[in-house]
Amino acid sequence: MNRQDGGEGKSRMPMRSCACGCDNTLSLTAASLSRRQFVAGAAAVAATGLGTGLGTVLGGSRALAQAADAKPYRIDVHHHLSPPTYIQAAVSNNFGDGLLRNWTPEKSLADMDQAGIAVSMLSVTQPGVNFISGEAARKLTRECNDYAAKLISDHPGRFGGFAMLPLTDTEGSLKEIAYALDTLKLDGIGLMTNYRDKWLGDPSFLPVMEELNRRKCVVYTHPSTADCCVNLLKTEPPTLVEWGTDTTRTIGDIVFSGNAQKFRDIKWIFSHAGGTMPFLIERFVRQPQIEAKYKPAVPDGALAELTRFYYDTAQTSNKASMSALTAIIPTSQILFGTDFPYRTGIDHVKGLRASGVFTDAQIMDIERGNAVRLLPRLGA
């Protein structure tokens, strides 16, 4: 089946401490995979002709999987789970497709093993808790975070987690940050790009952003359909255009609200290679030049802020997307992501190699090294 990002729910519903406390001197050489092992695996892959083109790649997945199986080492920062209570909420509120509702930990582990993925960072996909509010949102958020923590405990070394927040509820979010990071020891926070009619630079979110900054938190983001953009065209589900656009919209909101400059210790991860941001880079760069009111938010220019963020490869492991991203973003800021269960890990392993954009050493950094530097616990 040709899975697309559009599987992550219908267009709209009815309607560990972040610093990990780990030794920051950990590096890829201290992890289980040595450069020699990686090169040996790459050589095995090359021997099958996997680097010569997409057609060849698609025919060589068995050899690639065998090379990966020798020693799983990849880290997937964009991997979805569906806790039982979230599946119940999806059914009750009429959102989510079969991939969301039929997810199991065993399916995740099987896909990881096939693609040589050592660790997957778990997050609940869209719409998060955007379809409810108040105590119901707090309760579901807590249940999902508890489930993720138990999954991490039950499968040592295989999973990490980004905790969900009921972001429009400031008090509830601050309590959940403390619980998720101090008690559950999850690795960071997972946010939607929007909360119905607010994006992540909105002033109402400032108390939460201040706390995330104080904790030097890793914050992973995932697109969702905003109230503004539901069912705009009958021929286009929101996943086709709107989600990439919404990722770009929230990046712009973080940058031009001044939050990127103010909260410099938040480590942002944006899905899907930053959405349409790479294509729109000239507009990002020129905006403060055209309108002086934007200059205080980017005293060193918009590009200086954009190149500090991290971007994952989920659903963008192809030549066009990776060429655009690497034209402006250093390889050190790119992380391996798969969007499982909506795409497979092996899709992205093959895609990065078939793109012809990266050297073996750069692929090694994307698939593991950059994530270990961002989240040192994963290298242990």
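Just so it is clear, the structure is predicted and the values come from calculations on it, not from any experiment. (Residues numbered from 1 in each chain as written. Predicted model: local features only at pLDDT ≥ 70, side-chain atom pairs only at ≥ 80, totals over all residues. Heavy atoms only, no water.)

## A closer look at the sheet that holds strand β3 (residues 159-164)
Strand order in the open sheet formed by eight strands is β1-β2-β3-β4-β5-β6-β7-β8, and the pairing between neighbours is parallel. Only two strands of the sheet have a single neighbouring strand rather than two, namely β1 (74-80) and β8 (334-335). Two strands pair when backbone bridges link them, and β3 and strand β4 (residues 188-192) are joined in this way by three bridges, in the parallel orientation. By the bridge assignment, Met-164 is partnered in β4 with Gly-190. (Pairing = 2+ DSSP bridges. Helix = DSSP H or I, 4+ residues; strand = E, 2+ residues; numbered from the N terminus.)

## Section: the pairing of β4
With five of five residues buried, β4 is to be regarded as a mostly interior element. Handedness of the crossover joining β3 and β4 through helix α8 (residues 170-183) is recorded here as right-handed. The sheet contact formed by β4 and strand β5 (residues 218-222) spans four bridges and is parallel. Among the inter-strand pairings, Met-192 is bridged to a residue of β5, identified as His-222. What joins β4 to β5 is helix α9 (residues 206-214), and the crossover it makes is right-handed. (Buried < 20%, exposed > 50% of the residue type's maximum accessible area, 1.4 Å probe, protein only. Right-handed = clockwise from strand over helix to strand, strands pointing away.)

## Remarks on the pairing of β3
By the criterion of burial, β3 is predominantly enclosed, with six of the six residues buried. Bridge count between strand β2 (residues 117-123) and β3: three bridges; the pairing is parallel. Opposite Leu-122, over in β3, you have Gly-161 as the bridge partner.

By themselves, these are just geometric observations and shouldn't be taken as functional.
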